[in-house]
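What follows is each chain in one-letter form.
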Amino acid sequence: HVRSRRQRQMCIRDRLQCLDLAPASIACEFGDLAILTARLAAIAGLETTGQEFTPHGALIQVAIPVAERARVERLVADVTSGRGTLTWRDDVAA
């Protein structure tokens with residue numbers, strides 16, 4: 001049973017790695033950072049690739065599954081009450 005469970009987890013992980021990802025940057029205020037990162041972590045396939053702090057908050061670098069782009073845009077707007085910004089990188093249009 002443990003072996004089949006391990007194999008199933010590996011298959012799921014491999015499937016997630018095959019997703020088309022769109023790189024983006026999310027700027028948010030300190031007050032929104034904890035809840036935003038928690039909500040982003042709940043999105044399957046989304047990868048946080050970096051984070052840096054600014055004088056007013058944080059800049060989070062992410063790779064978002066293409067199929068989840070609209071969902072992440074709404075999430076950032078909702079969680080930050082419109083204060084946060086999501087910027088697609090590498091000429092990836094939203």
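Quick notes on the rules
Residues numbered from 1 in each chain as written. Predicted model: local features only at pLDDT ≥ 70, side-chain atom pairs only at ≥ 80, totals over all residues. Heavy atoms only, no water. pLDDT = per-residue confidence, 0-100. Contact = heavy atoms within 4.5 Å. Buried < 20%, exposed > 50% of the residue type's maximum accessible area, 1.4 Å probe, protein only. Helix = DSSP H or I, 4+ residues; strand = E, 2+ residues; numbered from the N terminus. Pairing = 2+ DSSP bridges. Axes fitted to C-alpha atoms, helices over the stretch in contact; angles between N-to-C directions. Polar contact = N/O pair within 3.5 Å; in protein donor to acceptor, adjacent residues only side chain to side chain.

A. Molecular detail of the confidence of the model for the chain. Chain-level pLDDT for the chain is 84 on average; 76% of the residues reach the 70-or-more range. Low pLDDT, under 50, characterises residues 1–10; the stretch is placed with zero contacts to residues that sit more than four places away or in other chains.

B. Structural view of the pairing of strand E4 (residues 85–88). Here E4 shows a buried face lined by Leu86 and Trp88 and an unburied face lined by Thr85 and Thr87. Pairing geometry for strand E1 (residues 21–29) and E4, over four bridges, is antiparallel. Within the sheet, the bridge partner assigned to alanine 27 lies in E4 and is threonine 85.

C. Quick peek at the sheet that holds E1. Spatial ordering of the open sheet is given by E2-E3-E1-E4, a layout of four strands whose pairing is antiparallel. Of all the strands in the sheet, the pair left with one neighbour each is strand E2 (47–53) and E4. Averaged over all pairs of adjacent strands, the angle between their axes in this sheet comes to 20 degrees, without regard to strand direction. Relative to the sheet, helix H2 (residues 30–41) contacts E1, E2 and strand E3 (57–65), its axis offset from that of E1 by approximately 150 degrees. Running at roughly 150 degrees to E4, helix H3 (residues 69–79) makes contact with E1, E3 and E4 of the sheet.

D. Spatial organisation of the side chain of glutamine 61. You can see glutamine 61 is positioned in strand E3. A distance of 2.2 Å separates a polar atom in the side chain of glutamine 61 from a polar atom in the side chain of arginine 89. Among all residues touching glutamine 61, those that are not within four sequence positions of it are Ala24, Ser25, Glu47, Thr48, Thr49, Gly50 and Arg89.

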